[in-house]
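Structural description and commentary
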Amino acid sequence: MAKVVFPDSFLSFTGGEREWHCPAENYRDLVQAIVRRWPDLQEPLDKSAVAIDGNIYQDAFLEPINPDSEVFFMSRIEGG
Amino acid sequence: MAEAIEYKQIGRSPVRPDGVDKVTGRARFGADLVLPNMIHGRVLRSPHAHARIKHIDLSDALAMDGVYAAISGKDFINVEGGEVGGEGGGTLGDVAKNVMARDKVLYHGHAVAAVSASTIAIAEAALAAIKVEYEPLPPVLDVVAAMAEDSVLVDENNYTKLPEKPDNASNIANVGKLVRGDLEEGFAAADIVIEREYKVPMAHQGYIEPHACVANMDETGRGSVWCCTQGHFEFRAMTAKLLGKDMADLKFIASEIGGGFGGKTVVYLEPLAVMLSEKSNRPVKMTMSREEVFRATGPTSGTVARVKVGLKNDGTITAADSWIAFEAGAFAGAPHMPGIMSMYAPYTIENFAVEAFDVLVNKPKVAAYRAPGAPQTMHAFECALDEAAIALDMDPLDLRLVNAADEGTQAPYGPKFPPIGFKACIEAAKKHPNYSAPVPEGAGRGVAAGFWFNVGMQSSAEVNVNENGTVMVIEGSPDIGGSRASMCLMAAETLGIEYEQVRTQVGDTESTGFCNVTGGSRTTFATGMAVTQACEDVIAECKKRASMTWGVDEDQVEWQDGVAIPAPGVNADVKPLSLAELAGNAAKTGGPIQGRASLNAQGAGASFSINFADVRVDRETGKTDVLSYTAIQDAGKAIHPAYVEGQMQGGAAQGIGWALNEEYIFDEQGVMENAGFLDYRIPVASDLPMIDTQIIEVANPSHPYGVRGVGETPIVAPLATIANAVSRSVGKRLCDLPLSPPNILAELDD
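Model, not experiment: these values are computed from the prediction.

As a further point, take the domain arrangement of chain B. All names here are of chain B. For chain B, the domain assignment lists domain 1 (2-26 + 456-601), domain 2 (39-137 + 209-258 + 264-296) and domain 3 (303-454 + 605-749). Between domain 2 and domain 3, the C-alpha centre-to-centre distance is 36 Å. Every contact between the two is made by 18 residues of domain 2 and, on the other side, 23 residues of domain 3. Carbon and sulfur atoms supply 64% of the area buried between domain 2 and domain 3, which totals about 1,800 Å² over both sides. At the boundary of domain 2 with domain 3, the tally comes to 0 salt bridges.

The structure is reproduced here in structure tokens:
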């Protein structure tokens with residue numbers, strides 16, 4: 001199962017749970033699983049970027065998730 | 001890996017395609033467009049930093065001969081919510097109130113009304129005829145004091161954004177935090193601990209071209225806007241939303257641009273010009289003066305940072321704990337999150353915490369500025385590391401090498417780094433002749449690291465093959481740093497033709513597909529990826545046309561050096577077909593040859609840097625001379641090396657200016673006292689040595705040519721590089737920027 005790591009700003013939604021292991025084939029499925037467990041995370045997830053196995057995605061959707069994937073949510077970045 | 005390939009076009013530094021127009025004055029910037037029957041718009045700005053607007057009377061202005069229209073906040077629709085992209089973007093509702101104040105003015109220079117008139121003189125006379133009744137309020141100017149529970153509130157409706165709404169309103173808009181490991185354990189393992197407070201002032205991007213636009217609306221509510229912008233598609237969307245218009249009714253054309261650095265990613269004049277043009281039934285030109293640019297457009301945040309870092313005697317960082325307050329200006333949206341995500345990024349640190357605050361003050365709303373937030377936070381941490389290196393009697397490069405992040409290091413913001421070039425930058429610095437040279441007598445040498453994530457985002461490109469085989473690239477990323485040349489080089493490389501056969505044009509919002517802003521060091525990476533894919537589309541089409549010509553299957557055709565040839569083993573007695581020959585015969589094989597691509601580019605590669613400088617401080621005058629400056633940065637692959645060097649040199653020049661002299665100086669009423677280049681001292685050529693550069697190339701595996709963005713990182717390291725050099729030069733740790741002559745003299749006298 002993929003390892004999902006939540007940022008500090010998510011911990012109040014997850015009851016302090018920082019890591020969660022979740023089966024998912026792609027990013028969309030992963031988000032749906034997270035929101036099923038913590039419905040209030042929908043909006044923060046929509047506003048976040050995500051790093052899947054080290055690659056940062058500002059707008060992930062169907063990116064594949066492997067059983068050994070590491071998924072980190074993080075603030076969106078743009079720049080000047 | 002891309003770096004193993006010998007490129008024929010990429011890596012050259014040909015003359016820039018826009019160069020002749022720019023040096024001869026033919027290039028048209030934002031203020032250069034003149035249309036028949038064009039009139040002029042001007043903005044009335046608040047004389048108060050904080051006040052309630054009780055009444056605005058436009059009647060006298062409207063009654064003047066030559067005045068076509070006058071508008072104030074009441075003429076605008078109410079816009080709420082909606083995130084605006086980019087650091088400092090904030091919400092659409094805030095952008096609306098920043099473009100034109102509604103019930104309160106929140107900084108000195110905030111727009112309260114605007115007029116259009118046949119001449120600039122009449123427009124300015126009309127502004128003087130507008131009567132505004134204010135109820136002045138105490139300005140909130142100090143970022144730390146603004147965080148106190150009993151502070152005057154900039155916005156009585158601002159509640160700190162937390163999962164549960166707080167009971168009381170506050171000037172703190174947002175809080176960000178990163179934590180890992182066990183701080184107590186980390187500090188217990190340290191042999192030394194450095195603890196300091198650092199200040200970085202609010203500073204402006206200092207782009208040479210002030211904001212300018214021309215709006216030309218017709219009677220049906222449709223029209224065109226010509227403006228200097230980093231992103232005309234996003235300006236179109238913002239303007240349409242602020243005015244309640246359909247974006248399809250607005251065509252935005254990006255002019256040549258005299259610098260942006262993040263400051264031209266949000267609208268200021270454009271919605272006003274559109275509204276004035278509609279009301280006037282004339283084209284309306286609006287330009288800002290330099291003073292307006294300083295007072296009313298977004299600088300970057302001033303910060304107060306408290307840093308505590310623990311290290312072992314061998315230089316290993318055992319723990320780091322930081323607290324940072326960012327000035328947001330009048331509306332929420334300081335770059336606090338990218339700031340704290342950058343702060344420790346170059347290093348492997350097991351135990352850390354950092355907390356940052358996005359704080360409202362009665363100053364201009366901040367906007368993005370190269371690597372938003374990173375220069376401020378990394379100034380603090382890199383200065384603390386320099387002090388640690390002195391305490392441990394270590395070379396500052398060696399201290400950084402001991403802790404350097406590498407491929408597989410878990411970044412402080414979460415993921416493990418893919419291949420990165422930070423260690424390569426440090427090792428290059430150690431071998432650099434400028435570092436081997438002895439420090440000049442009486443001087444100090446400073447070292448610091450820089451970092452930026454870089455981004456991809458959305459881009460589109462079309463490639464049209466002309467009848468003679470030359471190629472026209474059309475894309476939608478305004479060219480700020482030479483991207484047209486980079487696009488030509490990537491197109492030429494992909495197609496196998498010469499650079500000189502390719503032209504690139506930045507299309508308007510009606511002539512090419514959507515592109516996000518030119519910012520975040522994304523254009524060469526993402527739009528370059530779109531151009532490369534569009535060229536691959538052209539190659540596929542060329543192979544198809546060749547197969548038709550030769551009467552063979554498409555898979556029996558290969559593309560090599562700009563020529564269609566039979567694949568190895570194909571038994572066909574045919575003559576290779578060049579791009580020119582295929583294009584010349586296109587009418588018979590299916591019509592014009594064109595390729596297209598649109599994408600949301602992912603996999604932008606982080607770019608790291610090491611800078612070092614020698615400076616000497618005149619102890620009588622406090623003036624600092626920068627004797628030498630060296631910038632080393634990982635570019636992934638330098639498509640046009642001279643432009644990459646230009647980005648590194650430009651960022652260094654801006655960072656040196658910020659470190660030594662640049663700052664917003666406000667009086668007690670919140671009025672900026674130095675709103676002009678005579679008093680807001682950016683570096684001029686005589687202030688700077690030649691900035692030596694060394695490009696490191698650790699290819700980004702996510703880009704077809706290995707590109708990383710290069711435009712953001714160069715401004716990150718210079719603040720600490722200069723501060724560390726000055727501190728070593730005078731033998732005292734100087735923590736607050738700018739290190740201007742009066743500030744240095746005050747420190748030396750202290």
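Residue and element names in this part refer to chain B. Scanning the model with the defined rule gives 29 aromatic pairs over all chains in all. On the numbers, 6.3 Å between centres and 35° between planes, the contact of Tyr413 with Phe451 is tilted. Taken as a pair, Tyr413 in the loop between helix 12 (396-403) and helix 13 (422-431) and Phe451 in strand 16 (residues 443-452) lie far apart in primary sequence, 38 residues in all. Both residues of the pair, Tyr413 and Phe451, count as buried. Through pairs of rings, three or more aromatic residues link up here, namely Tyr344, Tyr347, Phe352, Phe381, Tyr413, Phe417, Phe422, Phe451, Trp452, Phe453 and Phe608. Here the basic side chain of Lys165 rests over the ring of Tyr159, its NZ or CZ set 4.3 Å away from the ring centre. A cation sits over an aromatic face here: Lys308 above Phe187, 4.4 Å from the ring centre.

Moving on to the sheet that holds strand 4 (residues 55-57) of chain A. All names here are of chain A. The strand order 2-1-5-3-4 describes an open sheet built from 5 strands, whose pairing is mixed. Each edge of the open sheet carries a strand with a single partner, namely strand 2 (19-22) and strand 4. Adjacent strand axes in the sheet meet at a mean angle of 25°, parallel and antiparallel pairs treated alike. For strand 3 (residues 48-52) and strand 4, the ladder comprises 3 bridges, and the chain directions are antiparallel. Bridge assignment links Ile52 to a residue of strand 4, and that residue is Asn55.

All names here are of chain B. Viewed as axis vectors pointing N to C, helix 15 (residues 483-495) and helix 16 (residues 523-550) meet at an angle of 35°, and their least axial separation amounts to 9 Å. Taken as a pair, helix 15 and helix 16 cross one another with a handedness that is right-handed. Between helix 15 and helix 16, the contacting residues are Ser483, Ser486, Met487, Met490, Ala491, Thr494 and Leu495 on the first element and Thr523, Thr524, Thr527, Gly528, Val531, Thr532, Cys535, Glu536, Val538 and Ile539 on the second.

Bringing the packing of helix 10 (residues 336-343) of chain B against helix 11 (residues 374-392) of chain B into the picture now. All names here are of chain B. The N-to-C vectors of helix 10 and helix 11 enclose an angle of 35°; their axes lie 8 Å apart at closest approach. As for the relative orientation of helix 10 and helix 11, their crossing is right-handed in sense. Residue-level inspection shows Gly339, Ile340, Ser342 and Met343 of helix 10 in contact with helix 11, the latter providing Ala374, Thr377, Met378, Ala380 and Phe381.

Trans is the common state for peptide bonds, and a negative phi is the common state for residues other than glycine. Residues and elements named next belong to chain B. With omega at 0°, the peptide bond leading from Leu737 into Pro738 counts as cis. Tracing the backbone shows Pro738 in the loop between helix 20 (717-730) and helix 21 (741-749). Here Met457, not a glycine, exhibits a phi torsion of approximately 70°, which is positive. Examined against the element boundaries, Met457 turns out to sit in strand 17 (residues 457-465).

Each partner contributes residues to the interface: chain A has 21 residues there, and chain B has 37 residues. Around 2,200 Å² of area is buried between chain A and chain B when both sides are counted, 58% of it from carbon and sulfur atoms. A per-residue breakdown of the area chain A buries against chain B is headed by Ile77, Glu78 and Gly80 of chain A, which together make up 32% of the total. At the surface where chain A touches chain B, the tally comes to 1 salt bridge. For Lys416 of chain B, the salt bridge goes to Glu70 of chain A, with nearest N and O atoms at 3.5 Å. On inspection of chain A and its partner chain B, the count reaches 5 residue pairs in polar contact (both at pLDDT 80 or more). Where the side of chain A that touches chain B is concerned, the elements lending two or more residues are helix 1 (11-14), strand 4 and strand 5 (70-75) of chain A. The greatest single-element share of the side of chain A that touches chain B, amounting to 4 residues, is contributed by strand 5 of chain A.

Here is what the cut-offs are and how they apply
Residues numbered from 1 in each chain as written. Chains lettered and ligands numbered in written order. Predicted model: local features only at pLDDT ≥ 70, side-chain atom pairs only at ≥ 80, totals over all residues. Heavy atoms only, no water. Domains from an automatic or database assignment. Contact = heavy atoms within 4.5 Å. Buried area = accessible area lost by both parts, 1.4 Å probe. Salt bridge = Lys/Arg side-chain N within 4 Å of Asp/Glu carboxyl O. Phe/Tyr/Trp six-rings, centres within 6.5 Å; stacked < 30°, edge-to-face > 60°. Helix = DSSP H or I, 4+ residues; strand = E, 2+ residues; numbered from the N terminus. Buried < 20%, exposed > 50% of the residue type's maximum accessible area, 1.4 Å probe, protein only. Lys NZ or Arg CZ within 6 Å of the ring centre and 35° of its normal. Pairing = 2+ DSSP bridges. Axes fitted to C-alpha atoms, helices over the stretch in contact; angles between N-to-C directions. Left-handed = near helix turned anticlockwise from the far one by under 90°. Polar contact = N/O pair within 3.5 Å; in protein donor to acceptor, adjacent residues only side chain to side chain.

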